[in-house]
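For reference, the chains in residue letters:
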Amino acid sequence: MYFISTRGKERVTGAQAIVQGIASDGGLFVPESFPAVSAAEMEGMLGMDYPERAALVLGKYLDEYDSGELLEALRAAYARFDDGDPAPLVRIENGTYLLELFHGPTCAFKDMALTVLPYLLRKGCEIAGIKEKILVLVATSGDTGKAALEGFGGAEGIKVMAFYPEEGVSKMQKLQMCTTEWENENVIAVRGNFDDCQTGVKRIFASAEYAKALEEKGYRLSSANSINFGRLAPQIAYYFSAYCDLVTSDQIKYGDKVDFAVPTGNFGNILAAYYAKMMGLPVGKLICASNRNNVLTDFFGNGTYDCKRPFFRTMSPSMDILVSSNLERLVFELSGRNAGLTAERMAALSEKGRYSVSQEELNALRESFYAGYTSEDDTVECIYEFFSEYGYPMDTHTGVAMNVAQNYLKSLEDVVGAEERPMVVVSTASPYKFPQDVLYALTGNDVKDSFKGVKRINLLTAMKVPESLKAIRYKPIRFKQVVTPAKMFDEVLKFVNE
Ligand SMILES: *Cc1c(COP(=O)(O)O)cnc(C)c1O
């Protein structure tokens, strides 16, 4: 299978797409066409375990990878998760389902892909005949950073550099990253917000001069952000798996449509759901849930993406994003795969901070998606109510998705003949990853210390505390450096020289 750039100037193999991360024309790689999963294959998938299901889905895109080896790599990756099943589906009394994707090494859904990406990248280099060492650059709003650091820790021939916004991540996220012990990795705070961080990293990728400077040191760049197709592919798999679990537990019949509600930031997770739908999964609506940074809600509402607006720091920091990179892939599909038009729109976004789609495209968008956002107060209320009623503690991001999903279901009550389908809310992080805010939501109490928060949540909910979070309490802080966006590349050069 080949991959093409959303901006039309490049066509490469899957291995190359993963190694490169981003296309050289600044676009994102998308599959040349969507591979179908047939009814027979779906049926086969019902009897498979998670790694086998994922291998089937990934194999559709990455046909140059040896299928047996791919399955082994997936098995090894998901063996690092708690309790055997990396993506359990939990049924709540009221008929909602939660797809828990936080049982990996860093307690957020990013682990689903970032435990697999090192294999995809290393093997991709081998397939594409690439001999240089790889420097993985990560811009993180908190969770991607640590997941990448865990995934690539100790990887031979690969260095990882994670940039996070100085004031834009939770204390626990910061601790997780800054206590990283691996020698091949570096963590640096950037003055500014996540968008400044992401723009800085994209600028490094776009510069021929920087690429040359790195080449002289024997390195080439790759990305662990969800612009990399190697991040998206493993995410597609859990939508298939959740669907299979609904069928095998007799919650639905094969062919019934299911809605998914996804807490959204960079639009990677929900895009994977859309890709699953394009491959034939019976998906109803995709609920795109945002916090106060509701640029996506407005876009789905009026067809104009406008990122010139105030940026808010919220208690769901991994969704504090105004430029959602992966939306480019959706806009490309929406335009009938018109690369010229997509390139124009993205140029308008970077020059004027906005672009619009046509009414026709907007209508098509609304067929597949419902978008909404929630205030901080409503998120707190939702987490509180859900726990008091069903005894289920959610993290702050999942709380946003649950609240928007509930609003969506309410909106259906007024629509004559509206179809109510099973709703799967994607649970993207452990509540213990955001202990202060979750404790506040559950009890109204503020604690200064993250670990005190962890302890109190544990007393209240009896939910098991992940070992990896317990352990960082006693680890030394290794990384303390803060730089301005303009100095990011200097740090990159220093790091490859080490
Ligand atoms: C990254 C993240 C999100 C947002 O996912 P996108 O793929 O960027 O839309 C939501 N919740 C949590 C906990 C995350 O780490």
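Residues numbered from 1 in each chain as written. Predicted model: local features only at pLDDT ≥ 70, side-chain atom pairs only at ≥ 80, totals over all residues. Heavy atoms only, no water.

(A) Inspection of the overall build of the chain at higher detail. Helix and strand counts for the chain stand at 22 helices and 16 strands. Against the compact-globule benchmark of 23 Å for 498 residues, the chain has a radius of gyration of 21 Å, which places it among compact chains. If you line up the chain on its principal axes, its C-alpha atoms span 60 × 50 × 50 Å. Across the 498 residues in the chain, those meeting the buried criterion constitute 61%. A fraction of 74% describes how many contacts in the chain between residues 6 or more apart in sequence connect residues 24 or more apart. (Helix = DSSP H or I, 4+ residues; strand = E, 2+ residues; numbered from the N terminus. Rg over C-alpha atoms; globule rule 2.2 N^0.38 Å. Buried < 20%, exposed > 50% of the residue type's maximum accessible area, 1.4 Å probe, protein only. Contact = heavy atoms within 4.5 Å.)

(B) Region of interest: helix α11 (residues 229-248). Relative to the 28 Å expected for 20 residues at 1.5 Å per residue, α11 spans 29 Å between its end C-alpha atoms, a close match to the ideal helical length. In terms of burial, α11 is a largely internal element, 19 of the 20 residues being buried. If you check the start of α11, you find a side-chain oxygen 2.8 Å away from the backbone N of G230, and it comes from N228. Taken from the residues just after α11, D250 is the one with a positive phi, measuring 60°. (Expected span 1.5 Å × (residues − 1). Polar contact = N/O pair within 3.5 Å; in protein donor to acceptor, adjacent residues only side chain to side chain.)

(C) Representation of the packing of aromatic side chains within the structure. Under the counting rule described, the total for this entry stands at 21 aromatic pairs. Every member of this aromatic cluster is reached through a ring pair, and the members are F267, Y274, F299, F300, Y305, Y355 and F369. The aromatic ring of F495 is capped on one face by K159, whose charged end is 4.6 Å from the ring centroid. Taking the ring centre of F312 as reference, the NZ or CZ of R292 above it sits at 3.6 Å. (Phe/Tyr/Trp six-rings, centres within 6.5 Å; stacked < 30°, edge-to-face > 60°. Lys NZ or Arg CZ within 6 Å of the ring centre and 35° of its normal.)

(D) Main features of the environment of F451. By the secondary structure assignment, F451 is in helix α20 (residues 450-461). Residues F451 and G192 lie 259 residues apart in sequence; the distance between their C-alpha atoms is 27 Å. Setting aside chain neighbours within four positions, we find F451 in contact with M172, L175, L469, I472 and R473.

(E) Representation of the pairing of strand β8 (residues 185-190). Burial runs high along β8: six of the six residues are buried. With burial as the criterion, each face of β8 is covered, one bearing E185, V187 and A189 and the other bearing N186, I188 and V190. Looking at chain direction, strand β7 (residues 158-165) and β8 are connected through six bridges and run parallel. Bridge pairing in β8 links P165 to V190. Each parallel crossover has a hand, and the one from β7 via helix α8 (residues 171-178) to β8 is right-handed. One ladder, built from two bridges, connects β8 with strand β16 (residues 482-483); its direction is parallel. Directly across from A189, in β16, lies its bridge partner V482. (Pairing = 2+ DSSP bridges. Right-handed = clockwise from strand over helix to strand, strands pointing away.)

(F) Quick look at the site of the ligand. Residues in close proximity to the ligand total 15 residues, the closest being K110, D143, G265, N266 and N269. At 2.9 Å, a side-chain N or O of T428 approaches a nitrogen atom of the ligand. Taken by itself the ligand offers 380 Å² of open surface, and the protein chains cover 98% of this. (Near = heavy atom within 4 Å. Areas by Shrake-Rupley, 256 points an atom, 1.4 Å probe, with all protein chains shown as cover.)

(G) Representation of unusual backbone geometry within the structure. One non-glycine residue, F267, lies in the positive phi region at around 70°. By relative accessible area, F267 is classed as buried at 1%.

(H) Geometry of the pattern of salt bridges. Taken as a whole, this structure holds 21 salt bridges when the rule is applied. The closest approach of N and O atoms between K433 and D143, which form a salt bridge, is 2.7 Å. Separated by 290 residues along the polypeptide, K433 in the loop between β15 (423-427) and α19 (435-443) and D143 in helix α7 (residues 143-152) bring together distant segments of the chain. Look at D143 and you get buried, because its relative accessible area is 3%. The closest approach of N and O atoms between E491 and K494, which form a salt bridge, is 2.9 Å. Here E491 and its partner K494 are both found in helix α22 (residues 488-497), three residues apart, which amounts to about one turn of the helix. Take E491: its relative accessible area is 8%, and that puts it in the buried class. Taken together, the shared-partner salt bridges connect D49, E52 and R75 into one network. (Salt bridge = Lys/Arg side-chain N within 4 Å of Asp/Glu carboxyl O.)

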